[in-house]
Amino acid sequence: STGGSSTGGSSTGGSSTGSSGGSTAQFTAIIGRYKAVFNGEYGVAVLSSAMAKGATVPDALLELGLQPDANAKSLLMGLTLLGISAKPSGSYHGVSLQAVDLGSLSALAGGVTGGAVTPTTGKGASVAYLAVLGNDAVVGTSMSAIRKSIDAYSGTALSLSKSSNFAKTVGKLPQGRFLTTYFNV
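Everything in this summary refers to the structure shown in the same document.

About the cut-offs
- Residues numbered from 1 in each chain as written.
- Predicted model: local features only at pLDDT ≥ 70, side-chain atom pairs only at ≥ 80, totals over all residues.
- Heavy atoms only, no water.
- Helix = DSSP H or I, 4+ residues; strand = E, 2+ residues; numbered from the N terminus.
- Buried < 20%, exposed > 50% of the residue type's maximum accessible area, 1.4 Å probe, protein only.
- Contact = heavy atoms within 4.5 Å.
- Pairing = 2+ DSSP bridges.
- Axes fitted to C-alpha atoms, helices over the stretch in contact; angles between N-to-C directions.
- Salt bridge = Lys/Arg side-chain N within 4 Å of Asp/Glu carboxyl O.
- Core = buried A, V, L, I, M, F, W, Y, C linked by side-chain atoms within 4.5 Å.
- Expected span 1.5 Å × (residues − 1).

## Quick notes on the overall build of the chain
Helix and strand content of the chain: five helices and six strands. When its helices and strands are written in sequence order, the chain yields α-β-β-α-β-β-α-β-β-α-α. The buried share among the 185 residues of the chain stands at 39%. Sequence separation of at least 24 residues holds for 58% of the intrachain contacts in the chain that already meet a minimum separation of 6.

## So, the sheet that holds strand β1 (residues 38-46)
The strands making up a sheet associate through backbone hydrogen bonding, with each pair oriented either parallel or antiparallel. Taken in spatial order, the six strands line up as β1-β2-β6-β5-β4-β3 in an open sheet, and their pairing is antiparallel. Looking at strand neighbours, the two that pair on one side only are β1 and β3 (86-92), the edges of this open sheet. For this sheet the average axis-to-axis angle between neighbouring strands, irrespective of direction, equals 25°. Summarising the sheet, β3 and strand β4 (residues 95-101) pair through five bridges and their orientation is antiparallel. Across the sheet, the residue bridging to Ala-86 is Val-100, located in β4. Sheet contacts for helix α2 (residues 72-81): β1, β2 (60-66), β3, β4, β5 (127-133) and β6 (136-140); angle to β5, the most-contacted strand, approximately 145°.

## A word on the pattern of salt bridges
All told, the structure shown has one salt bridge when counted by the stated rule. A salt bridge links Asp-59 to Lys-148; the shortest N-O distance between them is 3.9 Å. A residue pair is termed long-range when its members are at least 10 positions apart, and Asp-59 in the loop between β1 and β2 and Lys-148 in helix α4 (residues 143-154) qualify at 89 residues. Classification of Asp-59 by relative accessible area gives buried; the value is 15%. Here Lys-148 falls in the partly exposed class, since its relative accessible area comes to 42%.

## Quick notes on the nonpolar core
In terms of nonpolar packing, the biggest core is built from 16 residues, with Phe-38, Leu-66, Leu-75, Leu-130 and Ala-137 touching the most fellow members. Elements with a contribution of two residues or more to this core: β1, β2, α2, β5 and β6. Among the nonpolar cores identified, the runner-up in size contains 14 residues, and Leu-61, Tyr-92, Val-95 and Val-138 belong to it.

## Quick notes on unusual backbone geometry
Look at His-93: it is not a glycine, yet its phi comes out positive at around 50°. Relative to the elements of secondary structure, His-93 occurs in the loop between β3 and β4. Judged by relative accessible area, His-93 falls into the exposed class, the value being 53%.

## Description of α4
Here α4 contains 12 residues, and its C-alpha end-to-end distance of 16 Å stays within 8% of the 16 Å for a straight helix at 1.5 Å per residue. Taken as a whole, α4 has its buried residues at Met-143, Ala-145, Ile-146, Ser-149, Ile-150 and Asp-151. Lining the buried residues of α4 we find β2, β3, β4, β5 and β6. In the segment just after α4, Gly-155 is the residue with positive phi, at about 90°.

## Regarding the side chain of Ser-149
Tracing the backbone shows Ser-149 in helix α4. When sequence neighbours within four positions are dropped, the list of residues in contact with Ser-149 reads Leu-61, Leu-133 and Val-138.

Rendered as structure tokens:
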């Protein structure tokens, strides 16, 4: 999981977690509308501030906690009912991947992206990649980002939750905090 919580938890992994300003309230409200699927916890991880060639956004991940009885199939059914287009995009280390049309997602989100995601259709449409890891849905801005998340989840790559610097820093913070933001520079 990439950590963070809209309901009072703390970060548990990823390169940086948290969100800012008015977007937090808007995002929390959107997740709250879909409590049948999501449990209210979410996290954001920016894996690199450098943009890959041809990319319009840096490699980033969004983690959404799922209800205990939710799984990949129920999540995909819910996305379809909400009008969000998701198509199979292969698998990585046995984890099924879905390509999600960001145009349909940003339209549903009511502009939470602040124009950062422009809905497009057809060739060149903006997509993100979705995987379900344990009890979390993880959305990556690129195939590379989602693969890094799967590697960290499966233990084939280091995760922030295994970092002694992260543990030492977060260990000094109050337990009842609403949000944790951590930058690993």
